[in-house]
Amino acid sequence: MTADIIDGKAFAARLKENVAQQVAHLKEQHNLTPGLAVVIVGEDPASQIYVRNKNKSTREAGMNSFEHRLPAETTQEELLALVDTLNNDPAVHGILVQLPLPGHIEENAVIDAISPAKDVDGFHVINAGLLATGGNAMIPCTPLGCLLMLKDRLGDLSGLEAVVIGRSNIVGKPMAQLLLKENCTVTVAHSRTRDLPQVIGRADIVVAAVGRPEMIQGEWIKEGATVIDVGINRLSSPDGKNRLVGDVEFEGARTRAGAITPVPGGVGPMTIACLLKNTVTAACRQHGVTEPEV
Ligand code: NAD
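Reference entry: report on the structure contained in this document. Note that this is a predicted model, so its numbers are computed, not measured. (Residues numbered from 1 in each chain as written. Predicted model: local features only at pLDDT ≥ 70, side-chain atom pairs only at ≥ 80, totals over all residues. Heavy atoms only, no water.)

Let's shift gears to the overall build of the protein. The helix and strand inventory of the protein stands at 10 helices and 11 strands. Taking 294 residues into account, the globule formula puts the C-alpha radius of gyration at 19 Å, and the protein, at 19 Å, falls close to it. Across its three principal directions, the C-alpha atoms of the protein cover 50 × 40 × 35 Å. A buried classification covers 48% of the 294 residues belonging to the protein. A sequence separation of at least 24 residues applies to 68% of the contacts in the protein between residues at least 6 apart. Surface accessibility of the protein: about 13700 Å² in total, with carbon and sulfur atoms responsible for 49%. (Helix = DSSP H or I, 4+ residues; strand = E, 2+ residues; numbered from the N terminus. Rg over C-alpha atoms; globule rule 2.2 N^0.38 Å. Buried < 20%, exposed > 50% of the residue type's maximum accessible area, 1.4 Å probe, protein only. Contact = heavy atoms within 4.5 Å. Areas by Shrake-Rupley, 256 points an atom, 1.4 Å probe, with all protein chains shown as cover.)

Okay, here's the thing in C-alpha cells:
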C-alpha cells in the first residue's frame, strides 16, 4: 500500500480563501472587519518569521492586523498592560502573544490575562475547560487544523481508534479532547507509555506531536491508518543545509498508512489558516453575528 499524501498546503489555501470570503461578507453585511493583534517580545528568529507570516496572512484575508513588537527587556507589567489595552479595544477581536516569552515573564500569567473571548490561540484555562466540557471554546489552532484534515479525509470519525502521541496543553491534550468529541476511542501516549508500538498498532488515526525526529517507526502503523504528523524537527545535513522532518518515519509509514501528512506541507500551513478562522469566529461571537457560511 502507498499512502495518499494529505496536502495541508492546498487545504490551508482553500481554508484561507473561505475565510477571506467570510470577511468580505462581514464587512458588507455587518460593517464588521475582524481584527487580530499579534504581540511579540524579543528577537527570537523563528518567532519573528511566524509573526511576519501571521500578519501577512491576516491582511491577505482582508482583516485588520495589529502588530506589537516589544523589546526583550519588556517587563511582565508592561506586557500585561498592553494585553489589557487590547482586551478593551473594540477593533481587536483576537489577541495572540507569540510564545516563547523571555524567561523573566511568566507565560501563564500572560495567557490568563487575555480575554477568553479574544483568545484565538485557545490556550486560556477557560477555553481549555470549555473544550473539555463540550462548551463553545476557542479551539487551539494546530489541533483544529488536524481535525479538519481528518474529517475531510475520513468523514465521520465515530468509533474509530485514535492515538495521540504527546500530552502538551497546546497540541496533545486539546487534540485528544477534539477526537473524543467526535466519538473516537482515544488513547493519549506520552514519554512514560510502556509499549508505544503496540498502542500505535491498534490505531485507525495516529496524531504524532512529540518533537523527536522520525521517532515513530513506519512498521508500527496499522495498515490503512490515517497519520497526522504534527512534529517539526530541524536536522542539519552534511552539506550544511537544514532539513525539516516530522515525528513519523515518513518513507516507512507511507508503505502502510492509508493517508499521511508530509513535513513540511502538512499540519504547519493549517495552523495559520485556523488562526484566521478563529479570528472570524471570535469577531462574530463578540458581535452576536452568525458566522457566514460561504
Ligand atoms: P512538547 O514538548 O510540549 O510535548 C511533547 C510531548 O511528547 C510530551 O507530552 C511528552 O510526554 C511526549 N513525549 C516525549 N518523548 C516521548 C516518547 N519517547 N514517547 C512518547 N511521547 C513522548 O511539544 P508540543 O509543543 O506539543 O509540540 C510537539 C511537536 O509539534 C514539536 O515538534 C513542535 O515543533 C510541533 N508543533 C507543530 C505545530 C505546527 O503548526 N505544525 C504547532 C505546535 C507544535
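On we go from here.
Before going further, it helps to spend a moment on the pairing of strand S4 (residues 94-97). A two-sided burial pattern is seen for S4, the buried positions comprising Gly94 and Leu96 on one face and Ile95 and Val97 on the other. As judged from the four bridges shared by strand S2 (residues 35-41) and S4, these two strands associate in the parallel manner. Residue pairing in the sheet places Val39 in a bridge with Val97 of S4. (Pairing = 2+ DSSP bridges.)

Attention now goes to the sheet that holds S2. Pairing is parallel across the open sheet formed by three strands, whose spatial order is S3-S2-S4. Two strands close off the open sheet at either side, each with one partner strand: strand S3 (64-70) and S4. Each strand of the sheet is rotated relative to its neighbour by a mean of 15 degrees, with strand direction disregarded. This element, helix H3 (residues 76-87), spans S2, S3 and S4 of the sheet and lies at about 175 degrees to S2. (Axes fitted to C-alpha atoms, helices over the stretch in contact; angles between N-to-C directions.)

We now examine the pattern of salt bridges. Evaluated as defined, the whole model comprises seven salt bridges. Ionic pairing is found between Glu60 and Lys56, a salt bridge with its closest N-O pair at 3.3 Å. Residue Glu60 and its partner Lys56 are located together in helix H2 (residues 45-60), separated by four residues, close to a single helical turn. Judged by relative accessible area, which is 53%, Glu60 ranks as exposed. Across the pair Arg202 and Glu161 runs a salt bridge, and its minimum N-O distance is 3.8 Å. Taken together, the positions of Arg202 in the loop between helix H8 (196-201) and strand S7 (205-208) and Glu161 in strand S5 (residues 161-165) put the pair 41 residues apart, joining distant regions of the chain. On the basis of relative accessible area, Arg202 is assigned to the partly exposed category, the value being 34%. Classification of Glu161 as partly exposed rests on a relative accessible area of 24%. (Salt bridge = Lys/Arg side-chain N within 4 Å of Asp/Glu carboxyl O.)

Time to look at the nonpolar core. Of all hydrophobic cores here, the largest spans 41 residues; its most connected members are Leu150, Met175, Leu179, Val207 and Ile228. Elements with a contribution of two residues or more to this core: helix H1 (8-30), S2, helix H6 (141-154), S5, helix H7 (172-181), S7 and helix H10 (267-287). Formed jointly, this core draws a minimum of three residues from each of two domains, domain 1 (30-116) and domain 2 (141-269). Setting aside anything within four residues of it in sequence, one finds Met175 in contact with Pro143, Cys146, Leu147, Leu150, Val164 and Val207. Grouped together as the second largest cluster of nonpolar side chains are 19 residues, Val163, Ile165, Ala203 and Ala225 included. (Core = buried A, V, L, I, M, F, W, Y, C linked by side-chain atoms within 4.5 Å. Domains from an automatic or database assignment.)

Where H6 contacts H7, the two axes come as close as 9 Å, and the packing angle between them is 35 degrees. In this structure, H6 crosses over H7, and the sense of that crossing is right-handed. Here H6 contributes Pro143, Leu144, Cys146, Leu147 and Leu150 to the contact with H7, which in turn contributes Pro174, Met175, Leu178 and Leu179. Residues that form the contact of H6 with H7 fall into these classes: nine nonpolar, no polar and no charged. (Left-handed = near helix turned anticlockwise from the far one by under 90°. Nonpolar A, V, L, I, M, F, W, Y, C, P; charged D, E, K, R; others polar.)

Moving on to the site of the ligand. Taken together, 22 residues form the shell around the ligand, and within it Arg167, Ser168, His190, Ile232 and Thr271 come nearest. Between Ser168 and the ligand, the recorded distance is 2.6 Å, taken from a side-chain N or O atom to an oxygen atom. The side chain of Arg212 places a nitrogen or oxygen atom 3.2 Å from a nitrogen atom of the ligand. Protein contact buries 72% of the 860 Å² of open area that the ligand shows by itself. The element that contributes the greatest number of residues to the shell around the ligand is H10, accounting for three residues. (Near = heavy atom within 4 Å. Polar contact = N/O pair within 3.5 Å; in protein donor to acceptor, adjacent residues only side chain to side chain.)

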